[in-house]
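So the chains spell out like this:
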Amino acid sequence: HQNHSPSLPSIKLCSLIDSTMNAPTVKPPQRKLLRNAMILLAVSVCLGMSVFQIYRASVKTERYEQMLAAQTAAPISLNTLTSQTAADFLDLDLHQVSLKGRWLADKTIFLDNKLRNRWVGYHVLTPFQLEASKSVILVNRGWVLAPRLRSELPSVVTTDTTLELGGVLRHF
């Protein structure tokens, strides 16, 4: 009794070999040059990125030290500055400041679509005019919950009396 298996189709190896043999090839010296060029490019990019990261780290460290020094220094009274230009206030970025004056309540701005713990609300920004000066500082008074209807604005209590405020001066 002999097992006869069905015959398998024959494959022409010659035609398969011939088609791959005709493909363009890179000669060994050119391949070595291309590989070395790719390695050099990759190393150059990595070195450039590492130098950039070191630069960023030094800038952030310097900024952190400036911020720490500004916040630990005694508060600066904005009312006692002799010249109150925008440049004066830029130099005081992140410093603790004190100011005396009054709110300009009718000019309050509600900065919309501010989320806090998944609740929708507003940042309340109210101009504060310095006493005996024309200078006005925009004060972020914090966050308030938005009313149910968007057509309503939140109620914020603002006094008309002269106040003394303290805080950190930030530019935005």
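Because the structure is a prediction, the values reported are computed rather than measured.

A. Expanded view of the overall build of the chain. Per the secondary structure count, the chain includes 3 helices and 6 strands. Going residue by residue from the N terminus, the α and β elements of the chain occur as α-α-β-α-β-β-β-β-β. Across the 172 residues of the chain, 16% fall into the buried class. Contacts in the chain between residues at least 24 apart in sequence constitute 53% of all its contacts with a sequence separation of at least 6. Roughly 14,100 Å² of accessible area belongs to the chain as shown, and the carbon and sulfur atoms make up 61% of that amount.

B. Inspection of the nonpolar core at higher detail. Listed in full, the 11 residues of the largest apolar core are Leu 78, Phe 89, Leu 92, Val 97, Leu 99, Trp 103, Phe 128, Leu 130, Ile 137, Val 139 and Leu 169. Elements represented by at least two residues in this core include exactly β2 (96-103), β4 (119-130) and β5 (136-145). The greatest single-element share of this core, amounting to 3 residues, is contributed by β2. If near-sequence neighbours (up to four positions away) are discounted, Leu 92 is found in contact with Ile 76, Leu 78, Leu 81 and Leu 169.

C. The pattern of salt bridges, seen in detail. One pass over the structure, following the stated rule, counts 4 salt bridges. Between Lys 107 and Asp 106 there is a salt bridge, with the nearest N and O atoms lying 3.4 Å from each other. Under the relative-accessibility criterion, Asp 106 is labelled exposed at 66%.

Rules of the game
Residues numbered from 1 in each chain as written. Predicted model: local features only at pLDDT ≥ 70, side-chain atom pairs only at ≥ 80, totals over all residues. Heavy atoms only, no water. Helix = DSSP H or I, 4+ residues; strand = E, 2+ residues; numbered from the N terminus. Buried < 20%, exposed > 50% of the residue type's maximum accessible area, 1.4 Å probe, protein only. Contact = heavy atoms within 4.5 Å. Areas by Shrake-Rupley, 256 points an atom, 1.4 Å probe, with all protein chains shown as cover. Core = buried A, V, L, I, M, F, W, Y, C linked by side-chain atoms within 4.5 Å. Salt bridge = Lys/Arg side-chain N within 4 Å of Asp/Glu carboxyl O.

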